[in-house]
Amino acid sequence: SPIVYPRADDPFVFTNSNGLNFTQMNASLPNVTIFATGGTIAGSSSSSTATTGYTAGAVGILTLIDAVPEILNISNVAGIQISNVGSEDVTSALLLKMAKQINEYVCNDPTMAGAVVTHGTDVLEETAFFLDATVNCGKPVIIVGAMRPSTAISADGPFNLLEAVTVAASPSARDRGAMVVMNDRIVSAYYVTKTNANTMDTFKAVEMGNLGELISNTPYFFYPPI
Ligand SMILES: NC(=O)C[C@H](N)C(=O)O
């Protein structure tokens, strides 16, 4: 069964048939599950200007979700904490766990629209490629990270997470395989690569281009699904 972190002060309002807890269940919104693995998006530093030397994977899934209440206007979200590590510590066992749980809790659940995986960026493209190959349904699987830790000024994680959930909940994102959503760009997991170790504008499909982009948190795809 999934590891679902309970919150002591604010009880979940809905538990689905797989045991996933939701902080809201608005029947007119789609449902998305966020699988948190760690990385800089969950990173923490004692300095608000530090974008290196911080601790990756320090903040839990509920803190990430709580930082972006706008998510709940887009989707009902459940959170599963797969791990909380820097992506250099993502193992084959963790990859298999992600793929199995996405197949079980998202693909096999007709009430679930899509999946978001929060991940460190160093091996994000490898995990995205793996999930593209091993998740067996047309529902969007969105891999997202951040280049600045959650404690930094202008941390990119919260907006990236909002955009990732928005794409995961979007019918126009179906049947496109896994995708990386960061910095307003929607990039195919098959072609994406990290092009810069430090800047926020780093995930690109250099030869193939982006599948789409987000403007004011609305996804626009350049091409129909193949
Ligand atoms: N930006 C990041 O997430 C880098 C971090 N070292 C990681 O891959 O977990």
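Residues numbered from 1 in each chain as written. Predicted model: local features only at pLDDT ≥ 70, side-chain atom pairs only at ≥ 80, totals over all residues. Heavy atoms only, no water.

With that settled, the discussion passes to the state of the cysteines. Here, disulfide denotes a covalent bond that connects the sulfur atoms of two cysteines. The tally for this structure, following the rule as stated, stands at one disulfide. Sulfur-sulfur distance for the disulfide between Cys 107 and Cys 137 comes to 2.1 Å. Between Cys 107 and Cys 137, the S-S torsion sits near -70°, and that sign places the bridge as left-handed. Here the residue Cys 107 occupies a position in helix α3 (residues 92-107), and Cys 137 occupies one in the loop between α4 (124-134) and β6 (141-144), the gap between them amounting to 30 residues. (Disulfide = S-S within 2.5 Å. Helix = DSSP H or I, 4+ residues; strand = E, 2+ residues; numbered from the N terminus.)

Attention shifts here to the UniProt feature "domain: L-asparaginase N-terminal" (unreviewed entry) in the chain. UniProt's feature table lists "domain: L-asparaginase N-terminal" (unreviewed entry) at residues 31-223, given in the numbering used throughout. From the first C-alpha to the last, residues 31-223 spans 25 Å; its make-up is 25% helix and 25% strand. (UniProt positions renumbered as here; feature names shortened; annotations may be inferred.)

On to the UniProt feature "binding site: substrate" (unreviewed entry) in the chain. Following the UniProt record, one finds the feature "binding site: substrate" (unreviewed entry) at Ser 87, Thr 121 and Asp 122. Spanning 36 residues, the named residues form one tight spatial group whose C-alpha atoms are at most 6.7 Å apart. When only the residues just named are considered, the second largest pocket is lined by Ser 87, Thr 121 and Asp 122. One can find Ser 87 in the loop between β4 (76-85) and α3. According to the relative accessible area criterion, Ser 87 is buried, its value standing at 2%. Other than its neighbours up to four places away in sequence, Ser 87 contacts His 119, Gly 120, Thr 121, Asp 122 and Val 123. Note that Thr 121 resides in the loop between β5 (114-118) and α4. The contact partners of Thr 121, leaving out residues within four places of it in the chain, are Ser 87, Gly 145, Ala 146, Met 147, Met 182, Lys 194 and Phe 203. (1 Å grid on protein atoms, 1.4 Å probe; cavity = no way out; pocket = protein on both sides within 12 Å on 5 of 7 lines; lining within 4 Å. Buried < 20%, exposed > 50% of the residue type's maximum accessible area, 1.4 Å probe, protein only. Contact = heavy atoms within 4.5 Å.)

Before going further, it helps to spend a moment on empty space enclosed by the protein. One pass over the structure, following the stated rule, counts two cavities of 30 Å³ or more. Reported here for the largest cavity is a volume of approximately 40 Å³. Lining the largest cavity, in full, are Val 180, Met 182, Asn 183, Arg 185, Val 187, Met 200, Asp 201, Thr 202 and Phe 203. The set of elements that each furnish at least two residues to the lining of the largest cavity consists of β7 (178-182) and β8 (185-188). The residue makeup of the lining of the largest cavity, split by class, is five nonpolar, two polar and two charged. (Points joined across faces, edges and corners; volume = space filled by probe spheres on them. Nonpolar A, V, L, I, M, F, W, Y, C, P; charged D, E, K, R; others polar.)

Residues spaced three or four apart along an α-helix point in a common direction, a consequence of the helix completing one turn every 3.6 residues. Restricting attention to buried positions, one finds in α4 the residues Leu 124, Glu 125, Thr 127, Ala 128 and Leu 131. When α4 is viewed along its axis, its buried side chains cluster within an angular range of 160° and face the same direction. Those residues of α4 hidden inside the fold are in contact with α3, β5, β6, β7, β9 (193-194) and β10 (203-204). (Arc of directions from axis to C-beta.)

Turning next to the site of the ligand. Every residue near the ligand is listed here: Gly 39, Thr 40, Tyr 54, Gly 86, Ser 87, Glu 88, Gly 120, Thr 121, Asp 122, Ala 146 and Met 147. A distance of 2.5 Å is found between an oxygen atom of the ligand and a side-chain nitrogen or oxygen belonging to Ser 87. The fraction of the free accessible surface of the ligand (270 Å²) that becomes covered by protein chains is 90%. Put simply, the ligand lies in the second largest pocket. Here the shell around the ligand is composed, by residue class, of three nonpolar, six polar and two charged. (Near = heavy atom within 4 Å. Polar contact = N/O pair within 3.5 Å; in protein donor to acceptor, adjacent residues only side chain to side chain. Areas by Shrake-Rupley, 256 points an atom, 1.4 Å probe, with all protein chains shown as cover. Sits in = over half its atoms within 2 Å of the grid points.)

So, about the environment of Asp 89. Mapped onto the elements, Asp 89 comes out in the loop between β4 and α3. Residue Asp 89 is classed as partly exposed on the basis of its relative accessible area, which comes to 46%. Taking the C-alpha atoms as reference points, Asp 89 and Leu 161, separated by 72 residues in sequence, lie 21 Å from one another.

A few words now on the layout of surface pockets. Rolled over the atoms, a probe as big as a water molecule pinpoints where empty space is left. Quantified by volume, the largest pocket comes out at close to 340 Å³. Together, 16 residues line the largest pocket, and Arg 176, Ser 188, Tyr 191, Leu 211 and Ile 226 are the ones closest to its centre. Considered as a void within the structure, the second largest pocket measures approximately 230 Å³ in volume. Considering the residues around the second largest pocket, the lining is formed by 17 residues, among which Thr 40, Tyr 54, Thr 121, Asp 122 and Lys 194 are closest to the centre.

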